[in-house]
Amino acid sequence: MADGFCKAFTIPGFALPSLVARVGARLPQWPHAVALAAGFNAVVRMGLLPGENLALLENRSFLIDVLDTGCRAAFTFRDGRFRPLFSVPDAPDLAFRANLSAFLQIAARQEDPDTLFFKRALSVEGDTELGLVVKNMLDAVEWPRFPGMAAPPLIRR
Amino acid sequence: MPHCKIPELVCPAGSLPALKAAVDNGADTVYFGYRNDTNARNFAGLNFDRKAMVEGVAYAHARGRHVLLAINTFPQPGREADWHAAIDGAADLGADAVILADVGLLDYARSRHPGLRLHLSVQGSATSYEAVNFACREFGVRRAVLPRVLTLAQVERVIRNTLAEIEVFCFGSLCVMNEGRCWLSSYATGESPNTLGACSPARFVKWEKKPGRMDTRLNGILIDRYDDREPAGYPTLCKGRFEVNGATYYALEEPVSLNALELLPEIARIGVAAVKIEGRQRSPAYVAQATRTWRAALDALGEGPEGFTVRPAWRAELGKLAEGAQVTLGAYDRPWR
Ligand code: SF4
């Protein structure tokens, strides 16, 4: 049963038509940043990110650039909270660029970021060590297991 | 048909979720290390603090699996106490064995913790049965991990002439230059696997996106340039492309990964005790996929080696995970030696 459930949630690799990115890029970008920062802050509040690693993020700027939707979210980490940046910095300390499907696959722990990087489906620019800190920090998060859900669902396909 | 023993599957973990993924997907044994330079995979944010170790060991042991603690760098002069503390911690933790490379540490572990099982790390570079037997005789080493430079015939020769269990790498990125004793990373950055615990430490690495291509620099040295469609690899000097006598090519090593799946029946036949997957720097998703695939292959082998064939799905799954998306049998079937 778990098998069927998880298979249904396998995220395929896809790229949205370029029109989406052209339209998406014209929309205001800050709502994504606000939503993302709020999501990360919820994770911080749950104590899922270790403080020693969070300290390494202090005052650094991050950009998540979703290529095929044209959405870009910039944020920073200050005084224990992620905060959206309302204008995208020219040279963020760290930028992750990928299509939506790749970000979803990483978020679901379905694909390894190194695999996507080797395939050139994910690009990392800026401070490489900071990138590694972020990657390893997210990898180490023990997502709470919700009742009725067997395990981190996408790991046991 | 002679009975062959199915090798133990040894899987990497750089985090607690990776350890659990390995156990859940069929690892017999998981190896991991401390979050410091006693560990040859000492990357920012990776590895285990004490709390995660305790939980990881409990998780594995509750499911009847083993855990190995890798303390596989060489102590820095004047700081031996840090490495000794790491070994004491492993004994405390109830690790099933420690993986050590340095003879001084082997000696320390042997005399201080006689009950602690010792494995000789690949970094110990024992390539002959004489070297393996020396480690057994002097330090009571029970298992040796052979460097990825031997052919299978050479591996077999070691096995026939030692009482130690032999473990070999079966999958993952290759580091071939004398198993981590190479000077390339030190040359470029002043830091290497055996000093700081990392080859090509991330703070020296720059990926530069330019129109149509990506440049990789290690401490300012251009080590590779990929066009947009080319697969990329880790920024290690050995796998860079350099201009030599007017030609630009992989002058030191091709950026290929090891995948010994096809050799599995032969590996089992010659009596390899354990096969090891590389990749403690990778994510839980990699560990899950690689472990699951090798578990399936080992289980298929258990049904009888004569019927064993490599399924295309296994090949595809492992090929996808490999660095540079290329696989090789490594040195195992190399004609020259
Ligand atoms: S440069 Fe290559 S061979 Fe040398 S230590 Fe690094 S990965 Fe190994």
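Note that this is a predicted model, so its numbers are computed, not measured.

(A) Representation of the pattern of salt bridges in the model. Per the stated rule, a full pass over the model turns up 38 salt bridges over all chains. Where D114 of chain A meets R282 of chain B, a salt bridge forms, and the shortest distance between an N and an O atom there is 3.7 Å. Here the residue D114 of chain A occupies a position in helix α6 (residues 113-118), and R282 of chain B occupies one in the loop between β14 (274-277) and α9 (284-302), the pair thus bridging two chains. With a relative accessible area of 10%, D114 of chain A lands in the buried category. A salt bridge links R41 of chain B to E278 of chain B, with the shortest nitrogen-to-oxygen separation between them at 2.8 Å. Highlighted residues: R41 of chain B in the loop between β2 (29-32) and α2 (50-62) and E278 of chain B in the loop between β14 and α9, separated in sequence by 237 residues. R41 of chain B gets classed as partly exposed once you look at its relative accessible area, which sits at 22%. Judged by relative accessible area, E278 of chain B falls into the buried class, the value being 4%.

(B) Local environment of the interface of chain B and chain A. Opposite the 43 residues of chain B that make contact, chain A presents 30 residues. The contact between chain B and chain A buries some 3,100 Å² in all, and 51% of this surface belongs to carbon and sulfur atoms. Run the count over chain B and chain A and you get 5 salt bridges. Counting across the interface, chain B meets chain A through 15 residue pairs in polar contact (both at pLDDT 80 or more). Per-element tally for the side of chain B that touches chain A: the top contributor is α9 of chain B, with 6 residues. Residues that form the side of chain B that touches chain A fall into these classes: 21 nonpolar, 8 polar and 14 charged.

(C) Molecular detail of the sheet that holds strand β9 (residues 213-218) of chain B. All names here are of chain B. One open sheet holds the 3 strands; their spatial order is β8-β9-β10, and the pairing between them is antiparallel. Both edges of this open sheet fall to β8 (205-210) and β10 (221-227), since each of them pairs with a single strand only. On average, each strand axis in the sheet is tilted by 20 degrees relative to the strand beside it, whichever way the strands run. Pairing between β9 and β10: 6 bridges, direction antiparallel. Bridge assignment links T216 to a residue of β10, and that residue is D224.

(D) Examining the domain arrangement of chain B more closely. Residue and element names in this part refer to chain B. The assigned domain composition of chain B is domain 1 (8-174 + 256-332) and domain 2 (184-250). Here the C-alpha centroids of domain 1 and domain 2 sit 26 Å apart. On the domain 2 side, the residues contacting the 16 residues of domain 1 number 12 residues. A combined buried area of about 1,100 Å² lies between domain 1 and domain 2, and 45% of that area is made up of carbon and sulfur atoms. Between the two partners, domain 1 and domain 2, sit 0 salt bridges. One can count 2 residue pairs in polar contact (both at pLDDT 80 or more) joining domain 1 with domain 2. In terms of residue class, the side of domain 1 that touches domain 2 is made up of 4 nonpolar, 8 polar and 4 charged.

The rules we used
- Each chain has its residues counted from 1, following the order in which its sequence is written.
- Going through the entries in the order they are written, you letter the chains from A and number the ligands from 1.
- Two thresholds apply to this predicted model, a pLDDT of at least 70 for residue-level local features and 80 or more for giving and counting side-chain atom pairs, whereas whole-chain, interface and lining totals are computed over all residues.
- Values reported for side chains reflect all heavy atoms of the structure, with hydrogen atoms and water molecules removed beforehand.
- Salt-bridge detection follows one rule: a side-chain nitrogen of Lys or Arg within 4 Å of a carboxyl oxygen of Asp or Glu.
- Each helix corresponds to a stretch of at least 4 residues labelled H or I by DSSP, and each strand to a stretch of at least 2 residues labelled E; elements are numbered beginning at the N terminus.
- For every residue, the accessible area obtained with a 1.4 Å probe (protein chains only) is divided by the maximum for its type, and the residue is called buried under 20%, exposed over 50%, and partly exposed between those limits.
- The contact criterion used is simple: two residues touch if any of their non-hydrogen atoms lie within 4.5 Å.
- Buried area is understood as the total, over both parts, of accessible area removed when two parts are fitted together, assessed with a 1.4 Å probe.
- Polar contacts, as used here, are pairs of N or O atoms within 3.5 Å; protein pairs need one atom able to donate a hydrogen and one able to accept it. Residues neighboring in sequence count only if both atoms are side-chain atoms.
- Three residue categories are used. Nonpolar comprises Ala, Val, Leu, Ile, Met, Phe, Trp, Tyr, Cys and Pro, charged comprises Asp, Glu, Lys and Arg, and polar comprises the others, including Gly.
- Any two strands with at least two DSSP-identified bridges between them are counted as paired.
- For helices, the fitted axis covers only the stretch in contact; all axes are lines through C-alpha atoms, and the angles between them, taken along N-to-C directions, range from 0 to 180 degrees.
- Residue ranges assigned to the domains are those given by an automatic or database domain assignment.

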